[in-house]
Amino acid sequence: VPAYAGRLLEREAELAELRAALQDARRGVGGLLLLEGAAGIGKSALLRAAEQLAERQGLRVLRARGGELEREFPYGLVRQLFEPTLAEAEPEDVEAALSGAAAVRPLLLTGQSVPTPPVGAAHFELLHGLYWLTSNLAERSSLLLTVDDAHWGDEGSLRFFDYIARRLEGLPILMALAARPAEPGADARTVGQLAAEHHARVLRPAALSEAAVAELVRSALGQEAATEFCEACHKATAGNPFALRDLLVELQAEGVAPTAAEASAIGKLTPRTLSRAVLARLARVGVSAQELARAVAVLGDGAELRDAGALAGLERAEATEASDVLVEIDILAPGRPLSFVHPLIRSAIYHEILAGERSAAHESAARLLAAREADPDEIAVHLLATDPAGEGECVELLRDAARRAVDRGAADAAVKYLARAWDEPPPGPVRPALLRELLTATFRGGDVEATERFIGPFIAVLANEPDALLDSAEELAYVLYGAGRAEDASSVLARAVECAHARSDYGGALRLDLQRLQADRTPPREIKARLEYYRGAIRAATPAERLWRAAEAWHKVASGDSAAEAANLARRALRGWTFMAEAPQFLPAELIVALLEAEDFDFATQAIDVVDNVARAAGSTPILMVAMGYRADLELRRGQVADALVDASTAIELGRQHGFLPAWPYPVQWIADALVERGELDAAQRELQLAGLDADIPDDVLYTPILASRARLSAARGIHQRALDDLMEVGRREERDGREIIPWRSDAAVLLAGLGKRAHARRLAEVGLERARRWGAAGRIGRALRSLALVDGGDESVLRLQEAVEILAPSQCTLEYMRSLTDLGATLRRLNRRAAAREPLRKALELARTGGALAIAMRAHEELAATGEKLRPLAASGVDSLTPSERRIASMAASGTKNRDIAQALFLTVKTVETHLTNVYWKLGIRSRKELPNALARHERPETGRAAARW
Ligand SMILES: Nc1ncnc2c1ncn2[C@@H]1O[C@H](COP(=O)(O)OP(=O)(O)OP(=O)(O)O)[C@@H](O)[C@H]1O
Ligand SMILES: [Mg+2]
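These numbers were taken from a predicted model, which means no experiment stands behind them. (Residues numbered from 1 in each chain as written. Chains lettered and ligands numbered in written order. Predicted model: local features only at pLDDT ≥ 70, side-chain atom pairs only at ≥ 80, totals over all residues. Heavy atoms only, no water.)

### Topic: the overall build of the protein
Thought 1: When its secondary structure is counted, the protein shows 49 helices and 5 strands.
Thought 2: Burial status across the protein gives 56% buried among its 951 residues.
Thought 3: Taking the contacts inside the protein whose residues are at least 6 apart along the sequence as the reference set, 68% of them involve residues at least 24 apart.
Thought 4: Positive and negative side-chain charges in the protein, numbering 117 and 135 respectively, have mean positions lying 7 Å apart. (Helix = DSSP H or I, 4+ residues; strand = E, 2+ residues; numbered from the N terminus. Buried < 20%, exposed > 50% of the residue type's maximum accessible area, 1.4 Å probe, protein only. Contact = heavy atoms within 4.5 Å. Lys, Arg positive; Asp, Glu negative; His and termini not counted. Charge placed at Lys NZ, Arg CZ, Asp CG, Glu CD.)

Written as structure tokens, this is what we have:
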């Protein structure tokens, strides 16, 4: 072995960069670094050097290395990075490392499970959990994560690298990847793109110069080596360190003298492919060594000698001897387990094996590993490399691995395993079960390609036989809808409903029926008729009964029937709070809407808390987004506008970060509404633009509330005609969809009156009031009364507004209450009843100040000033100048929550939390966390707040 092993020539610049990056990481400025270059150019060597530097500087190093075979290994790199650390740690340290990271348990610890995540969310939970695990480990000491041969990384791990890369900035972590530039056959998203997107430092080690090559030649073959000879070596290898190393091994072995005369002999060795040299070397040793080398190539680096020996058909002693020979000729690295000195050598040997032989060898390898109960994923990797052969055992092993993969949140790997098992093909009787598993994996993984491929068999095999159909209809329908085959989905469900009926399983039938009705966007009237049908058939205190009540509650809301009854039904459906677990796809969100619209805010708060807890326990960002969003909705109705803005911003941030918005656009509505109430109209406009909803709004029920929000924004900007157009469109859509949820008439009437269309305005306002009374919730009635008053104007309107105020005062609909108070005051003032005007205006101003309802506060303040009341200027105290996020974080910090816990609770990074707090201190004019509680409390008594001319 050449003596230069370990010394790196001409890498000073790269080493300096590595040193600087490590230095930054230790200071808490983490980052991503990519070593990129062709095979053998010296990436791994630099990565090793970085690891040594890091260890010397006291960073903790976590390592992983991709393998050509292991590309399909679910979360293979991630597991290499973290498993050893967790395995070595004391139980309490493991717990500390996993705080906020519950979702990674099944992946990284054996025998652990977490609550099943909802559809499509599994990835996010896992990614988020892995992020916290990393960040918790970094809490103890700075980290260097190295991933060699990342171009062979599995999909899941690469997704995690992408996730963490955008969060490294505030962490003491350097993540260093080494990869060849995009390999053919690599996934669309290459490591190079990852690095580019995250502004990684990229190091591209260059080929060695003639001088460096000469130095290496001389240190290997003797100082007397002739210049011509060294030049010939440079030319033959193009300065590639690996090629040179390999050449020198060969020259040494052959005893070539490094003279000028021999230089031409080197020329003859060219053009030399890297693999030829290795194979030539291997050809010179005995058959057992060759067989062993092939066996290790099949098993991959890290193979056990006994496995490799068995695969090569060697006795123990023979195998040991063969491995020594391979070490001697520089093919295997010394030591156990077995590994090649370089991945290029493995590739050379592996690709030399004939395809049929290779497939057989992988099959034997799988059997071997299965016999000693190795990790199913390890076995599956080999099975994926075999040719289909109708082997029942292979099918079973793949199903095993797939089951595990699903549990670990790697549904996409499970799809691959099962698809391969399907190709085997499986014996007839196994097929339905296998397809069933494939369906679940596709459903969980949201794998469109697999869906396309298996739709035929899914329908043919699963939808034809009653047992299979009943068992799979829900998932099958979901997958079919996802693939744009709504009709198929609907008919599958309809057939399943029939089957359930035939078996008198009315609960099951109801569930499937509701899924169909919801997905078909069936109008409430028809749903109602369907529900009647089940009324007598369902037993009390069963999940089916809860589902029935939930659907009834939703129907009442949709048809605007009776708030009290809707709330009552919703409460009963939610009794015991088992509903969230029972109805994964249908209605929990609708029930919250029912409670909000029925203005049962206390129970709505409880329901939202439950959803919030479920989300946090599972680390589920989409569910958390839902909980945050509805909380914002609730707070807005209660007039807690500042808080609503905080929650709405969090919801929209989660939605945007994780790309949920297209599937579930509601957060746009909440953020826009909250911003309008804060008087931040430009910001609200920007939110609509960002979501692509400032021009066309898709014609789907999901978007109707957003249309109404856009109308409110336009109205606030004084663009009345546009606001009116949007509201009338809301009305058209609501009518067409058979819904009575959004009280658009009351708002539209006011706009119509403003545009001079009194008669039309009055008609709408009256119908609005009639509908509101039918619904019977105070907030909606107050709003309708106010609308009618504004349309009418005059003395009459004072009475109407007074009635509205009276109805709203005892309710919790503070936003509406403040609006009515303000309008009442304004109307009285215009009628020159100044003294009478002051009281409602003062009340409105006080409430608006408390809740941070700035738009209303401004209006009430103006009106009050116009009555001649002496007022201090409406000015924000320091606290009022805080942004929503700052305010939320400040109050958590003031109550003693640590930054890390704040970050975990709000799904932010610690760095973001720190930045926000720094801004908070600055705005409040304080120096430290200790002063926070006082500074925030000062604000509770607005009189003492310092004036800051902000708004
Ligand atoms: N600058 C250098 N000076 C001397 N030897 C080097 C240098 N860089 C790499 N080597 C040696 O060359 C060989 C190949 O380098 P290395 O394994 O780092 O390549 P690589 O870029 O990781 O290749 P691959 O893409 O195949 O993984 C190793 O034996 C290494 O020790
Ligand atoms: Mg390498």
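So that's the structure; there's more coming.
### Some remarks on the nonpolar core
Thought 1: Phe82, Leu130, Leu133, Phe161, Leu177, Tyr630 and Leu932 are the most contacted members of the largest nonpolar core, which totals 245 residues.
Thought 2: When near neighbours in sequence (up to four residues on either side) are disregarded, phenylalanine 161 contacts Leu77, Leu81, Val147, Met175, Leu177 and Leu194.
Thought 3: Within the second largest apolar cluster, 38 residues are counted, among which are Val296, Leu305, Leu338 and Ile353. (Core = buried A, V, L, I, M, F, W, Y, C linked by side-chain atoms within 4.5 Å.)

### Describing the side chain of aspartate 24
Thought 1: Relative to the elements of secondary structure, aspartate 24 occurs in helix α1 (residues 12-26).
Thought 2: The exposure class of aspartate 24 is buried, given its relative accessible area of 18%.
Thought 3: Residues contacting aspartate 24, with those up to four places away along its chain left out, are Val29 and Arg201.

### Structural notes on the environment of leucine 81
Thought 1: Within the secondary structure, leucine 81 sits in helix α3 (residues 76-88).
Thought 2: A sequence separation of 706 residues divides leucine 81 from serine 787, and the C-alpha atoms of the two residues are 63 Å apart.

### Structural notes on the pattern of salt bridges
Thought 1: Under the definition given, this model contains 85 salt bridges.
Thought 2: We note a salt bridge from lysine 528 to glutamate 552, for which the minimum N-O separation is 3.2 Å. On the criterion of sequence distance, the pair formed by lysine 528 in helix α27 (residues 524-534) and glutamate 552 in helix α28 (residues 543-559) is long-range, its members being 24 residues apart.
Thought 3: Ionic pairing is found between aspartate 561 and arginine 774, a salt bridge with its closest N-O pair at 3.2 Å. Of this pair, aspartate 561 sits in the loop between α28 and α29 (563-574) while arginine 774 sits in helix α40 (residues 758-775), placing them 213 residues apart in sequence.
Thought 4: Residue classification places aspartate 561 among the partly exposed positions, given a relative accessible area of 29%.
Thought 5: A network of salt bridges, in which partner residues are shared, links Glu677, Asp747, Arg783, Arg786, Glu816, Arg819, Asp823 and Arg859. (Salt bridge = Lys/Arg side-chain N within 4 Å of Asp/Glu carboxyl O.)

### Considering the sheet that holds strand β5 (residues 201-203)
Thought 1: On the basis of which strands lie adjacent, the open sheet formed by 5 strands has the order β2-β3-β4-β1-β5 and parallel pairing. Only two strands of the sheet have a single neighbouring strand rather than two, namely β2 (60-65) and β5. Across the sheet, the mean angle separating the axes of adjacent strands is 15 degrees when strand polarity is ignored.
Thought 2: As judged from the 5 bridges shared by strand β3 (residues 143-148) and strand β4 (residues 173-179), these two strands associate in the parallel manner. Bridge pairing in β4 places leucine 144 opposite leucine 174.
Thought 3: In the packing of α3 onto the sheet, the strands contacted are β2 and β3, and the crossing angle to β2 comes to about 140 degrees. (Pairing = 2+ DSSP bridges. Axes fitted to C-alpha atoms, helices over the stretch in contact; angles between N-to-C directions.)

### Side note on helix α18 (residues 355-371)
Thought 1: Look at α18: 24 Å from first C-alpha to last across 17 residues, which is about the 24 Å you get at 1.5 Å a residue.
Thought 2: When α18 is considered as a whole, its buried residues turn out to be Ser359, Ala361, His362, Glu363, Ala365, Ala366 and Leu369.
Thought 3: Among the structural elements, α14 (287-299), α15 (305-312), α17 (343-352) and α19 (376-384) are those in contact with the buried residues of α18.
Thought 4: Downstream of α18 by a residue or two, glutamate 373 has a phi angle that is positive, lying close to 50 degrees. (Expected span 1.5 Å × (residues − 1).)

### Some thoughts on unusual backbone geometry
Thought 1: The linkage connecting arginine 336 with the following residue, proline 337, adopts the cis geometry, with an omega of -10 degrees.
Thought 2: Structurally, the position occupied by proline 337 is in the loop between α16 (316-328) and α17.
Thought 3: At the junction of glutamate 424 and proline 425, the peptide bond is cis and its omega measures out at -10 degrees in the coordinates.
Thought 4: Counting through the fold element by element, proline 425 comes out in the loop between α21 (411-423) and α22 (431-445).
Thought 5: Here the phi dihedral of histidine 199 falls at roughly 50 degrees; this positive angle occurs in a residue that is not glycine.
Thought 6: Checked against the element boundaries, histidine 199 lands in the loop between α8 (191-197) and β5.
Thought 7: The exposure class assigned to histidine 199 is exposed, which follows from its relative accessible area of 72%.

### A word on the packing of α27 against α28
Thought 1: The contact between α27 and α28 brings their axes to 10 Å, and the two run at 150 degrees. Judged by the inter-axis angle, α27 sits roughly antiparallel to α28. Judged by the twist between their axes, the crossing of α27 over α28 is left-handed. Mapping the contact onto sequence places Pro524, Lys528, Leu531, Glu532 and Tyr534 in α27 and Trp548, Ala551, Glu552, His555 and Ala558 in α28.
Thought 2: Tallied by class, the residues present in the contact of α27 with α28 amount to 6 nonpolar, 1 polar and 3 charged. (Parallel < 35°, antiparallel > 145°, perpendicular 65-115°, else oblique. Left-handed = near helix turned anticlockwise from the far one by under 90°. Nonpolar A, V, L, I, M, F, W, Y, C, P; charged D, E, K, R; others polar.)

### What to know about helix α37 (residues 704-717)
One full turn of an α-helix is made of 3.6 residues, so residues set three or four places apart face in the same direction.
Thought 1: End to end, α37 covers 20 Å across 14 residues, agreeing with the expected 20 Å (1.5 Å per residue, within 8%).
Thought 2: Taken as a whole, α37 has its buried residues at Thr704, Pro705, Ile706, Leu707, Ala708, Ser709, Arg710, Ala711, Leu713 and Ser714.
Thought 3: Of the surrounding secondary structure, the elements contacted by the buried residues of α37 are α35 (666-678), α36 (681-690) and α38 (720-736).
Thought 4: Phi turns positive, to about 85 degrees, at glycine 718, one or two residues after α37.

### Some thoughts on the side chain of arginine 546
Thought 1: Relative to the helices and strands, arginine 546 is located in helix α28.
Thought 2: Under the relative-accessibility criterion, arginine 546 is labelled buried at 16%.

### So, empty space enclosed by the protein
Thought 1: Across all of its chains, the model carries 8 cavities of 30 Å³ or more by this definition.
Thought 2: Empty space within the largest cavity amounts to approximately 110 Å³.
Thought 3: Glu740, Pro743, Arg771, Ala772 and Arg780 are, among the 13 residues lining the largest cavity, the residues nearest its centre.
Thought 4: Contributions of two or more residues to the lining of the largest cavity are made by α39 (744-754) and α40.
Thought 5: Examining the composition of the lining of the largest cavity, we find that 4 residues originate from one element, α40, more than from any other.
Thought 6: Its residues assigned to classes, the lining of the largest cavity shows 4 nonpolar, 4 polar and 5 charged. (1 Å grid on protein atoms, 1.4 Å probe; cavity = no way out; pocket = protein on both sides within 12 Å on 5 of 7 lines; lining within 4 Å. Points joined across faces, edges and corners; volume = space filled by probe spheres on them.)

### Points about the packing of helix α46 (residues 884-894) against helix α48 (residues 910-924)
Thought 1: Between α46 and α48, the shortest axis-to-axis distance is 9 Å and the interhelical angle comes to 90 degrees. Our classification of the angle between α46 and α48 gives roughly perpendicular. Across the interface between the two elements, Ser885, Glu886, Ile889, Ala890 and Ala893 from α46 touch Val913, His916, Leu917, Asn919, Val920 and Lys923 from α48.
Thought 2: Taken together, the residues of the contact of α46 with α48 break down into 6 nonpolar, 3 polar and 2 charged.

### Here we look at the pairing of strand β1 (residues 31-36)
When a strand is regular, its side chains alternate between the sheet's two faces.
Thought 1: The element β1 is largely enclosed, with a buried count of 6 among its 6 residues.
Thought 2: The alternating pattern of β1 places Gly31, Leu33 and Leu35 and Leu32, Leu34 and Glu36 on opposite faces, both of which are buried.
Thought 3: Judged from the 6 bridges that link them, β1 and β4 form a sheet pairing that is parallel. Across the sheet, residue leucine 34 finds its bridge partner in β4, namely leucine 177.
Thought 4: With 3 bridges joining them, β1 and β5 adopt parallel strand pairing. When the sheet's bridge partners are listed, leucine 33 is paired in β5 with arginine 201.

### What about the site of ligand 1?
Thought 1: Looking at ligand 1, there are 22 residues lining it, with Gly40, Lys43, Ser44, Ala45 and His342 nearest.
Thought 2: Here an oxygen atom of ligand 1 sits 3.3 Å away from a polar atom, N or O, in the main chain of isoleucine 41.
Thought 3: Within the side chain of serine 44, an N or O atom sits 2.7 Å from an oxygen atom of ligand 1.
Thought 4: Contact with the protein chains removes 93% of the 620 Å² of surface that ligand 1 exposes when unbound.
Thought 5: When grouped by side-chain class, the residues that make up the shell around ligand 1 number 12 nonpolar, 4 polar and 6 charged. (Near = heavy atom within 4 Å. Polar contact = N/O pair within 3.5 Å; in protein donor to acceptor, adjacent residues only side chain to side chain. Areas by Shrake-Rupley, 256 points an atom, 1.4 Å probe, with all protein chains shown as cover.)

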